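Here is how the chains run, residue by residue.
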Amino acid sequence: MATLEIHDLHVSVESDSSADGLREILRGVDLTVKQGETHAIMGPNGSGKSTLAYSLAGHPKYTVTGGTVTLDGEDVLAMSVDERARAGVFLAMQYPVEVPGVSVSNFLRTSATAVRGEAPKLRTWVKEVKETMERLQIDPSFAERNVNEGFSGGEKKRHEILQLELLKPSIAILDETDSGLDVDALRVVSEGVNRVRETGEVGTLLITHYTRILRYIKPDQVHVFAGGRIVESGGAELADKLENEGYTAYVKGGTSE
Amino acid sequence: MADNIPAGSTTEGAIQVGQPPQQPADARVSAFASYNVADFPVPHGREEEWRFTPLERLRGLHDGSAEMTGGLRVEVTAPEGVTVETVDRSDARLGRAGKPVDRVAAQAYSSFEKASVVTIPKDAVLADPVRIAVHGEGGVAYEHVQIEVGAFAEAVVVIDHTGDATLAAGVEYVLGDGSKLTVVSVQDWDDTAVHVAQHTALIGRDAGFKSVVVTFGGDLVRLHPRVIYGGPGGEAELYGLYFTEGGQHQEHRLFIDHDTPHCRSNVAYKGALQGRDAHAVWIGDVLIRAAAEGTDTYELNRNLVLTDGARVDSVPNLEIETGEIIGAGHASATGRFDDEQLFYLMARGIPHDEARRLVVRGFFAELVQQIGMADLEERLLGKIEEELEASVS
């Protein structure tokens, strides 16, 4: 049973405006995500939700200044970006990056080979990719296109979930996967996430600004994120409260800083 | 017509890209040409055609002080039916493709002792390439090569440059009517070599010329491929790949002189740079003269900057003197290898070095496929990986 444990995590980014050149964004995050569970993290803009996501994946822009992150007791913070991915941490990005000249099929196979530790057998792999793409309503021609190049917002998000389904991580972090999606795309993407959740093999950290996606993906726990930490936790009913009341109760003077 | 040109030079990141020079429209037309080195003043570095080149690294090729010491081996291997000759300077065939247009090219033409002449007879279709191996053993050399393809003949010529040399060279391609010539020139020099050359192609009526220039090595490589059309219906495809490492200066200056109606040209050069003081220069001059109605031309230059400290100057320059053309355009863009791409690939479990390889291979792959020579494709991609490998370790 894979368990991601985040304890008292402090993270800063480089900043020109502060004396020591760092600005603290995460101010002591505590969270435990177990395989099979779904946690929604909700919060206003600027509360640090995405910083949490990118810090867990190891983006070089963020500096961890305190706290620990472990996956089954292994020190995630000591791992490089690719080591984290191979250890089972997957980040579906809010703004997936274009990689010119690298085809989706080549990219998927290269990453599957890296994550699984061996090249998938060609015959079963082709079938697996084809079927997964069909379920996500991704046109087969996508396989020959360059990664994220010229993709619409919805196509990028479906491509992220395609990777989620193929790479089968033990911890999936979905960073605002719902933002910018129309209802149809949101449904298709959510179904993809639910297929992965139903295996019971993945712990999901669903980061979102809106409650809309929670109609499709039912969380076990909801956490409100403000000012760089979790300020309230509860069940699905907490999302309903946020839906009705917004974040004003958690935000001083209209901002989260 | 001129309004339809999809022109533009874009830059990304903090990369310096040369601005198109401000100059009179006929500046290129009047480019001076002569076989005699004494007709050219010694460049001082501020001239338009020399402003990117570090003259002090030319080892005297530009000012007459580089005395020939020899040490250059030129071996030509050709299939049956092809004539390979070593001729004296007085041979009347030499110089037909065009005159030297700068001081070093004229120095080469004024200084070589023997020239190599490769003649592919009329109507011959070669099954195997002609191979020219140019190997330097450290000396100063002046070289001249002429390749003539007879009417309706078809040939592939591969010129490989290896070793160390201080070399000024002239290469002529004379294409007979309806002939097809593909030339691959690989600059795989040691990192100490200096190589300056003018490649002049005279393309006959309805003939097709394809040039593939591949530059990996050298301390300083400056190549000047020129295309001149001898009759209507001629076609030129000029492709180039370069991988410029720290401290290297690699300069490709192209000139296509559309002075004849109904000719086509297509240029695509791509380069990757890495390391401190890696400097790549690409100049793409295309001139469509008033007589060249029905011209169709496009030129493209793309650069991928892999690390800090590298510099690209990319200057497309299109001059059009007639509106009666099919198309004319150019594009130039220089992008930085971006850490976000690296992060994205690594976040999918792909190790750092493999992620870099994927991106760089992807950058060149499209061009390599466009070149459409299967055996060359593997060699080029293999060489690119080698360069990346060497730099990573």
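In case you missed it, the structure is sitting above this.
Residues numbered from 1 in each chain as written. Chains lettered and ligands numbered in written order. Predicted model: local features only at pLDDT ≥ 70, side-chain atom pairs only at ≥ 80, totals over all residues. Heavy atoms only, no water.

### Comments concerning the overall build of chain A
For the record, the criterion: Secondary structure counts use DSSP, requiring at least four H or I residues in a row for a helix and at least two E residues in a row for a strand, with both numbered from the N terminus. Within these notes, the globule rule equals 2.2 Å times the number of residues to the 0.38 power, and the radius of gyration is based on C-alpha atoms. When accessible area is computed with a 1.4 Å probe and restricted to protein chains, residues below 20% of their type maximum are described as buried, those above 50% as exposed, and intermediate ones as partly exposed. When checking whether two residues touch, look at their non-hydrogen atoms; a contact exists if any pair is within 4.5 Å. To measure how exposed things are, a 1.4 Å probe is used in the Shrake-Rupley method; for residues, cover is taken only from the protein chains shown. Asp and Glu are treated as the negative residues and Lys and Arg as the positive ones, with His and the ends of the chain left uncounted. By convention, charge coordinates are those of NZ in Lys, CZ in Arg, CG in Asp, or CD in Glu.
Across its full length, chain A holds seven helices and twelve strands. A compact globule built from 257 residues should have a C-alpha radius of gyration of about 18 Å, and chain A, at 18 Å, falls within 12% of that. Once the C-alpha set of chain A is aligned to its principal axes, its extents read approximately 55 × 40 × 35 Å. Per-residue burial for chain A yields a buried fraction of 55% across its 257 residues. Across chain A, contacts joining residues at least 24 apart in sequence account for 72% of those joining residues at least 6 apart. By element, 48% of the accessible surface of chain A is carried by carbon and sulfur atoms, the whole surface being about 11,400 Å². Taking the 28 positively charged and 39 negatively charged side chains of chain A as two groups, their mean positions are separated by 4 Å.

### Description of the overall build of chain B
Across its full length, chain B holds four helices and 17 strands. What you see for chain B is a C-alpha radius of gyration of 20 Å, in line with the 21 Å of a compact globule of 393 residues. When its C-alpha atoms are laid out on the principal axes, chain B stretches across 65 × 50 × 45 Å. Burial statistics for chain B: of 393 residues in total, 59% are counted as buried.

### Describing the side chain of Thr 204 of chain A
Residues and elements named next belong to chain A. Secondary-structure assignment places Thr 204 in strand 10 (residues 203–208). For Thr 204, a relative accessible area of 2% translates into the label buried. Excluding residues within four positions of it along the chain, Thr 204 makes contact with Val 33, Glu 37, Thr 38, His 39, Ala 172, Leu 174 and Arg 197.

### What to know about the pattern of salt bridges
For the record, the criterion: Counted as salt bridges are all cases of a side-chain nitrogen of Lys or Arg within 4 Å of a carboxyl oxygen of Asp or Glu.
Applying the stated criterion across every chain yields a total of 34 salt bridges over all chains. Where Glu 165 of chain A meets Arg 135 of chain A, a salt bridge forms, and the shortest distance between an N and an O atom there is 3.7 Å. Residue Glu 165 of chain A is located in helix 5 (residues 153–167), and its partner Arg 135 of chain A is located in helix 4 (residues 122–135); the two are separated by 30 residues in the primary sequence. Owing to a relative accessible area of 39%, Arg 135 of chain A belongs among the partly exposed residues under this scheme. Of the charged contacts, one joins Glu 385 of chain B and Arg 361 of chain B as a salt bridge, the two residues approaching to 2.9 Å between their closest N and O atoms. Within this pair, whereas Glu 385 of chain B is found in helix 4 (residues 374–392), its partner Arg 361 of chain B is found in helix 3 (residues 352–371), the two being separated by 24 residues in sequence. Taken together, the shared-partner salt bridges connect Asp 102, Arg 222, Glu 251 and Arg 253 of chain B into one network.

### Brief notes about the sheet that holds strand 6 (residues 89–92) of chain A
All names here are of chain A. This is how the line gets drawn: Paired strands are those between which DSSP finds at least two bridges. Every axis in this analysis is a line fitted to C-alpha atoms, fitted for helices over the stretch in contact. Angles between the N-to-C directions lie between 0 and 180 degrees.
Taken in spatial order, the six strands of this open sheet run 6-9-10-3-11-12, and their pairing is mixed. With one partner strand each, in any of the chains shown, strand 6 and strand 12 (229–234) form the two edges of the open sheet. Taken over all neighbouring pairs, the strand axes of this sheet differ in orientation by 20° on average, direction set aside. Bridging between strand 3 (residues 38–42) and strand 10 involves five bridges; their strand directions are parallel.

### A closer look at the interface of chain A and chain B
Under the convention used in this document: Accessible area, probed at 1.4 Å, shrinks when two parts are joined; the buried area is that loss added up over both. Polar contacts here mean pairs of N or O atoms no more than 3.5 Å apart (in protein, one a potential hydrogen donor and the other a potential acceptor; neighbouring residues in sequence count only if both atoms are side-chain atoms).
Contact with chain A, which involves 32 residues of that partner, is made by 16 residues of chain B. For the pair chain A and chain B, the two sides together bury roughly 1,900 Å², of which 70% comes from carbon and sulfur. On the surface where chain A and chain B come into contact, there are one salt bridge. In this structure, Arg 348 of chain B engages Glu 160 of chain A in a salt bridge whose closest nitrogen and oxygen atoms are separated by 2.7 Å. Counting across the chain A and chain B interface gives nine residue pairs in polar contact (both at pLDDT 80 or more).

### Remarks on the side chain of Glu 160 of chain A
Relative to the helices and strands, Glu 160 of chain A is located in helix 5. The exposure class assigned to Glu 160 of chain A is buried, which follows from its relative accessible area of 1%. Contact partners of Glu 160 of chain A, with chain neighbours within four places excluded, come to Phe 90, Leu 91, Ala 92, Met 93 and Pro 96 of chain A together with Tyr 344 and Arg 348 of chain B.

### What about the packing of aromatic side chains?
Using the following cut-off: Centre distance within 6.5 Å is the pairing criterion for rings of Phe, Tyr and Trp, where only the six-membered ring of Trp is used; planes under 30 degrees apart are then read as stacked, over 60 as edge-to-face, and the remainder as tilted. Geometrically, a charge over a ring is one whose NZ (Lys) or CZ (Arg) sits within 6 Å of the ring centre while staying within 35 degrees of the ring normal.
Across all of its chains, the model carries nine aromatic pairs over all chains by this definition. Judged by centre distance (4.5 Å) and plane angle (55°), the ring pair of Phe 142 of chain A and Phe 151 of chain A falls under tilted. Like Phe 142 of chain A, the residue Phe 151 of chain A is buried in the burial classification. A network of ring pairs unites the aromatic residues Tyr 54 and Tyr 62 of chain A together with Phe 343 of chain B as a single cluster. If you follow Arg 89 of chain B out to its NZ or CZ, it ends over the ring of Phe 112 of chain B, 4.6 Å from the centre.

### Some details on the packing of helix 5 of chain A against helix 6 (residues 183–198) of chain A
Residue and element names in this part refer to chain A. Heads up, the condition is: Relative orientations are named as follows: roughly parallel for angles under 35 degrees, roughly antiparallel for angles over 145 degrees, roughly perpendicular for angles from 65 to 115 degrees, and oblique for any other angle. Residue polarity follows a fixed list, in which Ala, Val, Leu, Ile, Met, Phe, Trp, Tyr, Cys and Pro are nonpolar, Asp, Glu, Lys and Arg are charged, and the others, Gly among them, are polar.
The N-to-C vectors of helix 5 and helix 6 enclose an angle of 10°; their axes lie 10 Å apart at closest approach. One finds that helix 5 runs roughly parallel with respect to helix 6. Across the interface between the two elements, Lys 157, Arg 158, Ile 161, Leu 164 and Glu 165 from helix 5 touch Val 188, Val 189, Gly 192, Val 193, Arg 195 and Val 196 from helix 6. In the contact of helix 5 with helix 6, the residues fall into six nonpolar, one polar and four charged.

### With respect to the environment of Glu 37 of chain A
Residues and elements named next belong to chain A. For Glu 37, the location among the structural elements is in the loop between strand 2 (22–34) and strand 3. The class of Glu 37 is partly exposed, set by a relative accessible area of 22%. Each C-alpha atom, one on Glu 37 and one on Asn 146, is 34 Å from the other, the two residues being 109 residues apart in sequence. A distance of 2.8 Å separates the side chain of Glu 37 from the side chain of His 39, its partner in a polar contact.

### Here's the deal with the sheet that holds strand 1 (residues 3–14) of chain A
Residue and element names in this part refer to chain A. Strand order in the open sheet formed by four strands is 2-1-4-5, and the pairing between neighbours is antiparallel. With one partner strand each, in any of the chains shown, strand 2 and strand 5 (74–75) form the two edges of the open sheet. Of the strand pairs in this sheet, strand 1 and strand 2 are connected by ten bridges, and their pairing is antiparallel. Bridge pairing in strand 2 places Leu 4 opposite Val 33. Set on the sheet, helix 1 (residues 49–57) makes contact with strand 1, strand 2 and strand 4 (62–71); between it and strand 1 the angle comes to about 105°.

### A word on the pairing of strand 14 (residues 279–288) of chain B
Residues and elements named next belong to chain B. The buried fraction of strand 14 is high, at ten of ten residues. Burial of the side chains of strand 14 extends over both faces: His 279, Val 281, Ile 283, Asp 285 and Leu 287 are buried on one face and Ala 280, Trp 282, Gly 284, Val 286 and Ile 288 on the other. The pairing of strand 12 (residues 249–258) with strand 14 spans ten bridges and is parallel. Bridge assignment links Leu 254 to a residue of strand 14, and that residue is Gly 284.

### Thoughts on the pairing of strand 11 (residues 221–226) of chain A
Residue and element names in this part refer to chain A. Burial within strand 11 is extensive, with five of its six residues counted as buried. Of the strand pairs in this sheet, strand 3 and strand 11 are connected by four bridges, and their pairing is parallel. Bridge pairing links Ile 41 to His 223 in strand 11. Examined bridge by bridge, strand 11 and strand 12 share five bridges and lie antiparallel to one another. Within strand 12, the position partnered with His 223 by the bridge is Ser 233.

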